[in-house]
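What follows is each chain in one-letter form.
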Amino acid sequence: MPSLFHPGEIMIGGIFPVFNKEVSSTSTFAREPPGVKCAGFDLRAFRWTQVMIFAIEEINKDPALLPNISLGYRILNSCASPTNALRAALTLASRPEETEFNSSCPPTISAVIAASGSSQSLAVAGTVGPFQVPIVSYFSTCACLSDRAKYPTFFRTIPSDYFQAKALAALVKHFGWQWIGAIQSDNDYGRNGILSFTEEVKKLGVCIAFVGTILRTYSMDKILDVVEMIRRSTVKVILAFVPEGDFYPLMKEVVKQNITGIQWIASEAWITAARPSTPEIYQAFGGALGFVMQKMTMPKLRPFLTNISPYTDPSAAFVKDFWEIMVGCRPVLPEEHRMGKICTGNETLMNSQHAFFDVTQLRVTYNVYKAVYAIAHALHQLIFCKPAGQKPVRPCLNVSEIQPKTVTDHLQRVNFRNEFGDDVFFDENGDPPASYDIINWQLRNGQVQHVTLGHFASAANGDFRLNIQEEKIVWRTGKRVPTSVCSNVCPVGTRKAQIKGKPTCCFDCIPCADGTIANSTGAADCTPCPQEYWSNERKDECIPKTTEFLRYHEPMGIALTVVSLLGASLSLVTMMVFIHYRETPVIKASNSELSCFLLFSLFLCFLCPLTFMGKPTVWTCMLRHTAFGVTFALCISCVLGKTIVVVTAFKATIPGNKVAGKFGPAQQRIIVCSCTMIQILICVLWLKFKPPFPDMVFRYSNKKIVLECNTGSEAAFYAVLGYIGILAIICLVLAFLARKLPDNFNEAKFITFSMLIFCAVWITFIPAYISSPGKFTVAVEIFAILSSAFGLLSSIFAPKCYIILVKPEKNTKKHVMGINGIQKNLIF
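First, a word on scope: everything that follows refers to the structure included in this document. (Residues numbered from 1 in each chain as written. Predicted model: local features only at pLDDT ≥ 70, side-chain atom pairs only at ≥ 80, totals over all residues. Heavy atoms only, no water.)

Digging into the overall build of the protein
The helix and strand inventory of the protein stands at 22 helices and 27 strands. The C-alpha radius of gyration computed for the protein amounts to 53 Å, which surpasses the reference 28 Å derived for 828 residues by more than 25%, pointing to a less compact arrangement than a globule. Dimensions of the protein, computed from C-alpha atoms along their principal axes, come out at roughly 170 × 60 × 50 Å. In the protein, which comprises 828 residues, the share counted as buried stands at 53%. Total accessible area on the protein stands at roughly 38,700 Å², and carbon and sulfur atoms take up 58% of it. Charge-centre separation for the protein: the mean point of 78 positive side chains lies 17 Å from the mean point of 61 negative side chains. (Helix = DSSP H or I, 4+ residues; strand = E, 2+ residues; numbered from the N terminus. Rg over C-alpha atoms; globule rule 2.2 N^0.38 Å. Buried < 20%, exposed > 50% of the residue type's maximum accessible area, 1.4 Å probe, protein only. Areas by Shrake-Rupley, 256 points an atom, 1.4 Å probe, with all protein chains shown as cover. Lys, Arg positive; Asp, Glu negative; His and termini not counted. Charge placed at Lys NZ, Arg CZ, Asp CG, Glu CD.)

Here it is as structure tokens:
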């Protein structure tokens, strides 16, 4: 196996993909299989080999680092395949081919710098790791390699994909992309990278529309399938977590089929690769964004690179291929006879402007450099038992006693600052601190430039910082930030409704239900309004519900107020008529004192409805129910007194009977007061223990609040009504017994009729009261009060007022006494 080799007291191995594709061959089993053949010379990987050599030579010249100890190297080609990387690792662990068999045993490899891909590193770490040989990778980012249980000797100078996934997710979140596609390579790097990225973006509510899989060895049919997947998809942003060698065939096909308008996001494996960075590829991939390690300028490296020559060491592997690409001819070397253009021997690389010699934007190359120095510092600490730079320097360990395990232990503890000011160390998983530059593909002067427009860095507490100069980004879709959503953001007043069978980013927008709002776009759920509020028409704001109560100025309130005042006025007018004509026979016959009491109570009953209108308050609520109960108790008590007097008077069968005398004015007052006091007592107990209070009722309508007086105690309320009902029934029964009095003075008939009206009104009131909603409950109660009051006023007093005012000729003692004259002694 060809290699770059230089002997030393301590040997370091290196595995690089100098050729990036393994040429497959079919074994016939008829003869020994041919050796591995690789194609596709990779200038980028060749520079990595040279920087390893450069760093080792620099260390050998440094008197402060490993003084008087020479480092050697052996560098092999992996062909960018896991199998060949494994073959190279086993080769490093065996006897070098460059040594003679009769020579002394050469030193073993103390550490290996490998490999460029995660799959290759997994193969190497899994093979060499059990022998405790430390492996330092410069370009393997798979988070799976951080598993110390499986790979205890693996280190790297490039951040893990665990951090890159966080960086990519932060980028997606920053620009608000919700619907993206993904392309992965069919290896550990791609699969684990997309897995880590998916876990991160799911936390942000981002959906992966599709995951296409590619590999450099795939047939064209498989590549075309992925291209068709991209073409059919509605996504406008695609992440490609793929090494450049695997991605390049797909890139060419995307350009060939003119698939534009896609914003590409790149992993660090291809965003700064030279091969795809051409104006041709830029047609479809221009404006790509991605993360890479921070760049570094190494001025001393350029002279070293320009001094590479096949004539210096004709046996050096890979140099002749490099020279042919750089110069365009094959060098003339002894014992070689090759076809093609032959070099003259005067060619030089000193003035070459090729990108290979650009040492101002080194990223992976710088990782190789740090890997070599990390191993050197670990060896120095091991051999001299103190960090580099401390004096005096005396070895505490013989070079021949170095064991790979001790190198691994010291590599874990290495911590130094290099000449570029970078702190080099590894965490407990062998990972360096995460720090990335944000790269944007821009076309300048006909050349694709990798422009740094931001930075991402992780903190020790697990947080991160993302800084990006958004205004300087060149987008593939124009100057505006591209949008990529499966469904447009739901406007205010609507919520997301998941579409069955589709990712969470695909949804319908459903208007919020009444009483709920969504005052921000993209709401997952509608928020219920507080009980006192309701949603507006747009369902984006909660507005106070309209309050409903019986107002004075509304038509119903005006009508009831007018009727109430009319009844009160009629009561007063009737009272004035009775007072004015109190000496007339009709007034005397109807018991003027009780009549005035009854008219006064009716006056209060007519005014009582006024307390039922207007906004309920604590005082009005207590007043309306108690005033109603007491005034009607007083009213019915007066009617009861009149009824008892009438019944008693006309049940006296013998003229001059003194039974009626027992029910004179004093007894009548006692009846009225005692019956009223019972109601007052009920009301006092009601107000003391469970008084009525203003209440907001929401059950009648969602859009309004009904303000009403809660009775506090239903039992007390119905006790008040029940007591009035008992008095009314007693009056009705007594008046019914006296219904056959003489026609000219049949007041018992009037009382009977008034009590029938009263009882009918209040019997129908109860179901109407219970079933009426909102302010109509109050209106029903007012109607019952007014109806019963008008029934009493009209039934008892209208006939008398008619005689007094319209038929005064009948207002005589003779007419009132009637034909039989049996009332003479009682009334007159």
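Picking up where we left off.
Notes on the layout of surface pockets
Roughly 880 Å³ of internal volume is contained in the largest pocket. Secondary-structure elements contributing two or more residues to the lining of the largest pocket are α1 (43-61), α11 (364-384) and β17 (447-458). Among the elements that line the lining of the largest pocket, the one with the most residues is β17, at 5 residues. Its residues assigned to classes, the lining of the largest pocket comprises 11 nonpolar, 9 polar and 8 charged. (1 Å grid on protein atoms, 1.4 Å probe; cavity = no way out; pocket = protein on both sides within 12 Å on 5 of 7 lines; lining within 4 Å. Points joined across faces, edges and corners; volume = space filled by probe spheres on them. Nonpolar A, V, L, I, M, F, W, Y, C, P; charged D, E, K, R; others polar.)

Side note on the nonpolar core
In terms of nonpolar packing, the biggest core is built from 74 residues, with Met52 and Phe322 touching the most fellow members. Elements with a minimum of two residues in this core: β2 (10-16), α1, β5 (71-77), β6 (109-113), α9 (301-306), α10 (319-327), α11 and α12 (404-412). Sorting elements by how many residues they give to this core places α11 first, with 15 residues. Aside from chain neighbours lying at most four places away, what touches methionine 52 is Ile12, Gly13, Gly14, Phe16, Tyr73, Ile75, Ile113, Val368 and Val372. The next biggest cluster of nonpolar side chains, apart from the first, holds 67 residues, and it includes Cys635, Trp686, Ala716 and Met755. (Core = buried A, V, L, I, M, F, W, Y, C linked by side-chain atoms within 4.5 Å. Contact = heavy atoms within 4.5 Å.)

Observations concerning a nonpolar patch on the surface
Residues Ile729, Val733, Phe736 and Leu737 make up a contiguous nonpolar surface patch of roughly 370 Å² in combined accessible area. With respect to the helices and strands, the residue phenylalanine 736 is situated in helix α18 (residues 714-737). The partly exposed category is assigned to phenylalanine 736, whose relative accessible area is 43%. (Patch = residues over 30% accessible without salt bridge, like charges linked within 9 Å, V, L, I, M, F, W, Y side chains within 5 Å. Salt bridge = Lys/Arg side-chain N within 4 Å of Asp/Glu carboxyl O.)

So, the state of the cysteines
Two cysteines joined by a covalent bond between their sulfur atoms form a disulfide. For the structure shown, the criterion picks out 10 disulfides. Disulfide pairing is shown between cysteine 38 and cysteine 79; the S-S distance is 1.3 Å. Between cysteine 38 and cysteine 79, the S-S torsion sits near 90°, and that sign places the bridge as right-handed. With cysteine 38 in strand β4 (residues 37-41) and cysteine 79 in the loop between β5 and α2 (82-93), this pair connects stretches of sequence that are 41 residues apart. Not part of a disulfide, cysteine 801 finds its nearest cysteine sulfur in cysteine 596, a span of 11 Å. (Disulfide = S-S within 2.5 Å.)

Overview of the sheet that holds β17
The 8 strands lie next to each other as β10-β9-β11-β12-β13-β16-β17-β18, forming an open sheet whose pairing is mixed. Of all strands in the sheet, those with a lone pairing partner are β10 (207-214) and β18 (464-468), marking the two edges. Averaged over all pairs of adjacent strands, the angle between strand axes in this sheet comes to 25°, irrespective of strand direction. Examined bridge by bridge, strand β9 (residues 179-185) and β10 share 6 bridges and lie parallel to one another. The partner of isoleucine 180 across the bridge, within β10, is isoleucine 208. Packing against the sheet, helix α5 (residues 188-202) makes contact with β9, β10 and β11 (237-241), and its axis sits at approximately 155° to β9. Contacts between helix α6 (residues 220-232) and the sheet are confined to β9, β10, β11 and β12 (263-266), with β10 contributing the most and set at about 160° to the helix. (Pairing = 2+ DSSP bridges. Axes fitted to C-alpha atoms, helices over the stretch in contact; angles between N-to-C directions.)

Overview of unusual backbone geometry
A cis geometry characterises the amide bond from alanine 114 onward to alanine 115, with omega recorded as -5°. Along the chain, alanine 115 falls in the loop between β6 and α3 (118-128). One non-glycine residue, cysteine 79, lies in the positive phi region at around 60°. On the basis of relative accessible area, cysteine 79 is assigned to the buried category, the value being 1%. Although it is not a glycine, phenylalanine 318 sits at a positive phi angle of roughly 70°. On the basis of relative accessibility, which here comes to 7%, the residue phenylalanine 318 falls in the buried class.

Focus on the side chain of threonine 408
Tracing the chain through its elements places threonine 408 in helix α12. Of note is the side chain of threonine 408, whose polar atom sits 3.1 Å from the backbone oxygen of glutamine 132. Ignoring anything within four residues of it in the chain, the contact list for threonine 408 reads Gln132, Val133, Pro134, Pro152, Thr153 and Phe155. (Polar contact = N/O pair within 3.5 Å; in protein donor to acceptor, adjacent residues only side chain to side chain.)

Things to note about the packing of aromatic side chains
Evaluated as defined, the whole model comprises 39 aromatic pairs. Measuring from centroid to centroid gives 5.3 Å for phenylalanine 578 and phenylalanine 797, while their planes differ by 75°, and the two rings are edge-to-face. Taken together, the residues span a long stretch of sequence, with phenylalanine 578 in helix α13 (residues 555-580) and phenylalanine 797 in helix α20 (residues 775-806) at a distance of 219 residues. As far as the burial class goes, phenylalanine 578 and phenylalanine 797 line up, both buried. Three or more aromatic residues joined by ring pairs make a cluster, and in this case those are Phe19, Phe41, Phe46, Phe318, Phe322, Phe356 and Phe357. Residue placement shows lysine 222 over the ring face of tyrosine 218; its charged tip is 4.5 Å from the ring centre. Arginine 275 extends its terminal NZ or CZ atom over the ring of tyrosine 248, reaching a point 4.3 Å from the ring centre. (Phe/Tyr/Trp six-rings, centres within 6.5 Å; stacked < 30°, edge-to-face > 60°. Lys NZ or Arg CZ within 6 Å of the ring centre and 35° of its normal.)

Description of the pattern of salt bridges
Throughout the structure, instances matching the rule amount to 16 salt bridges. The salt bridge involving lysine 166 is made with glutamate 200; its shortest N-O contact spans 3.4 Å. In this pair, lysine 166 is assigned in helix α4 (residues 161-175) and glutamate 200 in helix α5, connecting sequence segments 34 residues apart. In this structure, lysine 300 and glutamate 419 form a salt bridge, with 3.9 Å as the shortest nitrogen-oxygen distance. With a gap of 119 residues between them, lysine 300 in the loop between β13 (289-293) and α9 and glutamate 419 in the loop between β14 (415-417) and β15 (423-425) connect regions that are remote in the sequence. On the basis of relative accessibility, which here comes to 49%, the residue glutamate 419 falls in the partly exposed class.

Topic: the environment of valine 761
Along the polypeptide, valine 761 turns up in helix α19 (residues 747-771). Separated by 25 residues in the primary sequence, valine 761 and leucine 786 have C-alpha atoms spaced 9.8 Å apart. If we ignore the near neighbours within four places in the chain, the residues touching valine 761 are Ala784, Ser787 and Ser788.

Things to note about the side chain of threonine 494
In this fold, threonine 494 is placed in strand β19 (residues 494-498). One polar contact links the side chain of threonine 494 to the main-chain carbonyl oxygen of proline 491, over a distance of 2.6 Å. Look past the residues within four positions of threonine 494 in its chain and what remains in contact with it is Cys509, Ile510, Pro511, Cys512, Ala518 and Ala523.

Section: the pairing of strand β26 (residues 693-697)
Note on strand geometry: in a regular strand, side chains alternate between the two faces of the sheet. Relative to strand β27 (residues 704-710), β26 is paired through 5 bridges, and the arrangement is antiparallel. Within β27, the position partnered with proline 694 by the bridge is cysteine 709. Turn length for the β26-β27 hairpin, with the two strands adjacent in sequence and antiparallel, is 6 residues.

Considerations on the packing of α11 against α12
Across the interface, α11 lies against α12 with an axial gap of 8 Å and an inter-helix angle of 110°. Considered as vectors, α11 and α12 are oriented roughly perpendicular to each other. Note on element contacts: α12 touches α11 through Thr406, Val407, His410 and Leu411, opposite Ala374, Ile375, Ala378, Leu379, Gln381 and Leu382. Of the residues belonging to the contact of α11 with α12, the class tally is 7 nonpolar, 3 polar and no charged. (Parallel < 35°, antiparallel > 145°, perpendicular 65-115°, else oblique.)

By themselves, these observations are geometric and do not establish any function.
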